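These are the residues of each chain, in order.
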Amino acid sequence: MTTNALRLAGLTKHFGEKVAVDAIDLTVPAGSFFGLVGPNGAGKTTALSMAVGLLRPDAGTAQIFGTDVWQQPTQAKRLVGVLPDALAMTERLTGREMLTYLGRLHGLPADTVASRVDELLTVLDLDHAERTLILGYSAGMRKKIALASALLGGPRLLVLDEPFEAVDPVSALTIRSILRRFVVGGGSVVLSSHVMPLVEQLCDTVAVMHEGHVVAAGPIDEVRGGRSLDEVFIELVGAGAADEKELSWLAS
Ligand SMILES: Nc1ncnc2c1ncn2[C@@H]1O[C@H](COP(=O)(O)OP(=O)(O)OP(=O)(O)O)[C@@H](O)[C@H]1O
C-alpha cells in the first residue's frame, strides 16, 4: 500500500529548444495539501499536465497512488480530479447540463449525479445561472464550474492549476473551506498559485519551481525557515524590482 498521492520521477518536457520541465522529482504524501509555486514560465502547468495525463512527457514517470498515469491511464484517472489551466468546455451547455453529462461519463448513477450537481451548483453559487450557457460565463464562473467538474467524481487526489485565479473573495473563501474539508476527510490536494499568503494559509507542503527545476521542496515551515514564503520565493527565483531608470517615460 503506497502512501504517496503523487510521485513524479525524472519528468521532462521540451518544446523545441526550450526545456520547460527538466527531469523533476516530486513526492506528494497522501493527505497533503501541497502548493506548487514559481514565477511565470517556471514549468508548473507543464509539470501538472504531465502528472495527470494531459500532456505526454518526453521522459520520466508520474504515479497517482502508485498507479502509473501513462501506463494505466484509466485506473490512474479514476483517482484524480483535475482543474487544468485551460479547459475546453462544452460551451453550449448550461453548467448543470455539463456536470450531468460528465457525471454520467464517470459512470455514476443518475440520482447520485443529480444530487451532487445540485449541491455543487449551490455551494459554488452557480445556481443563479441555471439558464446561462457556459459560453456566457464570466472567468470566475468558468473557474468554479471547472472546479465542480474536478470534484464531481469524488476523487482521492485533486490537482488544481491556479484554482483561485479570477474568483471573487466570497467564492475563494468557499473554495478554501471545500478544499480544507476535503483534506481533513482524507483527500490530497496539489494546487499551483501565485498568491503566497494563500499558499501559506492552506498548504502544509510546498515546492518552488524555477526554469523547469524544483529549487526547493518540503514541509512549508522548513522551506520558509522562519521567513515569509514571499521572501524565500524572491530569493530563490532571483526576481528583482524594476530599476528606477526603467520605464522613466511612465507617468513622467
Ligand atoms: N505548448 C507550448 N509550446 C511551446 N512552449 C510552451 C508550451 N507550453 C508551455 N511552453 C513554455 O514552457 C515554459 C513553461 O510554461 P508553463 O506554462 O508550464 O509555466 P508556468 O509555470 O505554468 O507559468 P505561469 O505561472 O505563467 O502559468 C514556458 O517557457 C512556456 O513558454
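Per an unreviewed UniProt entry, the protein carries the name ABC-2 type transport system ATP-binding protein and comes from Asanoa ishikariensis. Of the protein, the UniProt comment under Subcellular location (unreviewed entry) reads exactly: "Cell membrane".

**Student:** How would you sum up the site of the ligand? Please name residues and give values.
**Tutor:** The local shell around the ligand consists of Phe 15, Lys 18, Ala 20, Gly 38, Asn 40, Gly 41, Ala 42, Gly 43, Lys 44, Thr 45 and Thr 46. Considering every element that reaches the shell around the ligand, the biggest residue donor is helix 1 (residues 44–51), with 3 residues. Classifying every residue of the shell around the ligand gives 3 nonpolar, 6 polar and 2 charged.

**Student:** Could you give me a rundown of the sheet that holds strand 2 (residues 18–29), with the residues and numbers involved?
**Tutor:** One open sheet holds the 4 strands; their spatial order is 2-1-4-5, and the pairing between them is antiparallel. In this open sheet, the two edge strands, each paired with only one partner strand, are strand 2 and strand 5 (67–68). Pairing between strand 1 (residues 4–15) and strand 2: 8 bridges, direction antiparallel. Counted as the bridge partner of Arg 7 is Thr 27 from strand 2.

**Student:** Help me get a handle on the pairing of strand 1, residues and values and all.
**Tutor:** Between strand 1 and the antiparallel strand that follows it, strand 2, lie 2 residues; Gly 16 among them carries a positive phi value of about 60°. As judged from the 5 bridges shared by strand 1 and strand 4 (residues 59–64), these two strands associate in the antiparallel manner. Looking at the pairing, Leu 8 lines up with Ala 62 of strand 4.

**Student:** Requested: an account of the pairing of strand 10 (residues 213–219), with residues and values cited.
**Tutor:** Both strand 9 (residues 205–210) and strand 10 contribute to a ladder of 6 bridges, which runs antiparallel. Within strand 10, the residue paired with Thr 205 across the bridge is Pro 219. Counted along the chain from strand 9 to the antiparallel partner strand 10, the turn is 2 residues long, and its residue Glu 211 has a positive phi close to 50°.

**Student:** Hey, could you go over helix 4 (residues 110–123) for me, with residue numbers and the actual values?
**Tutor:** With 14 residues, helix 4 ought to run about 20 Å at 1.5 Å a step, and its terminal C-alpha atoms sit 20 Å apart, in line with that. Of the positions making up helix 4, those classed as buried are Val 113, Arg 116, Val 117, Leu 120 and Leu 121. The arc that holds every buried residue of helix 4, seen down its axis, measures 130°, which confines them to one face. The exposed residues of helix 4 that point more than 90 degrees off its buried face are Asp 111, Ser 115 and Thr 122. The elements touched by buried residues of helix 4 are helix 3 (95–105) and helix 5 (139–152). Just downstream of helix 4 lies Asp 125, where phi reads positive at about 55°.

**Student:** An account of the sheet that holds strand 8 (residues 188–192) is needed here, citing residue identities and associated values.
**Tutor:** An order of 6-7-8-3-9-10 is seen for the 6 strands of this open sheet, with the pairing classed as mixed. Because the sheet does not close on itself, it has two edges, and the strands there are strand 6 (80–83) and strand 10. With direction set aside, neighbouring strand axes in the sheet form an average angle of 10°. Bridge count between strand 3 (residues 33–37) and strand 9: 4 bridges; the pairing is parallel. Following the sheet pairing, Phe 34 is matched in strand 9 by Thr 205. In the packing of helix 9 (residues 229–237) onto the sheet, contacts are made with strand 3, strand 9 and strand 10, and the angle to strand 9 comes to roughly 30°.

**Student:** Tell me about helix 5, and name the residues and values.
**Tutor:** With 14 residues, helix 5 should reach 20 Å at 1.5 Å per residue; the first-to-last C-alpha distance of 20 Å fits that figure. For helix 5, a buried count of 10 out of 14 residues is recorded, marking the element as mostly surrounded by other parts of the structure. Burial in helix 5 covers these residues: Met 141, Lys 143, Lys 144, Ile 145, Ala 146, Leu 147, Ala 148, Ser 149, Leu 151 and Leu 152. Of the surrounding elements, those touching the buried residues of helix 5 are strand 6, helix 3, helix 4 and helix 6 (169–184). The positive-phi residue at the C-terminal boundary of helix 5 is Gly 154, with phi of around 65°.

Parameters and conventions
Per chain, residue numbering runs from 1 following the sequence as it is written. Where local features are concerned, this predicted model is filtered to residues with pLDDT of at least 70; where side-chain atom pairs are given and counted, the filter is 80 or more; whole-chain, interface and lining totals use all residues. UniProt positions are given in the numbering used here, feature names are shortened, and annotations may be inferred rather than shown by experiment. We call a residue near a molecule or strand when the C-beta position, derived from backbone atoms, sits within 6 Å of it. Where helices and strands are cited, they refer to DSSP runs of H or I of at least four residues and of E of at least two residues respectively, numbered from the N terminus. The nonpolar class holds Ala, Val, Leu, Ile, Met, Phe, Trp, Tyr, Cys and Pro. Asp, Glu, Lys and Arg form the charged class, and all remaining residues, Gly among them, are polar. The pairing criterion is simple: DSSP has to find at least two bridges between the two strands. To estimate how far a helix should reach, multiply one less than its number of residues by 1.5 Å. Here a residue counts as buried when 20 or more other C-beta atoms sit within 10 Å of its C-beta, as exposed when there are 12 or fewer, and as partly exposed otherwise, the C-beta atoms being derived from the backbone. Note that the arc is computed from the directions linking the helix axis to the C-beta atoms. Our contact criterion uses C-beta atoms placed from the backbone: two residues qualify when those atoms are within 7 Å. Angles shown run from 0 to 180 degrees and are taken between the N-to-C directions of axes, each axis being a line fitted to C-alpha atoms and, for helices, limited to the stretch in contact.

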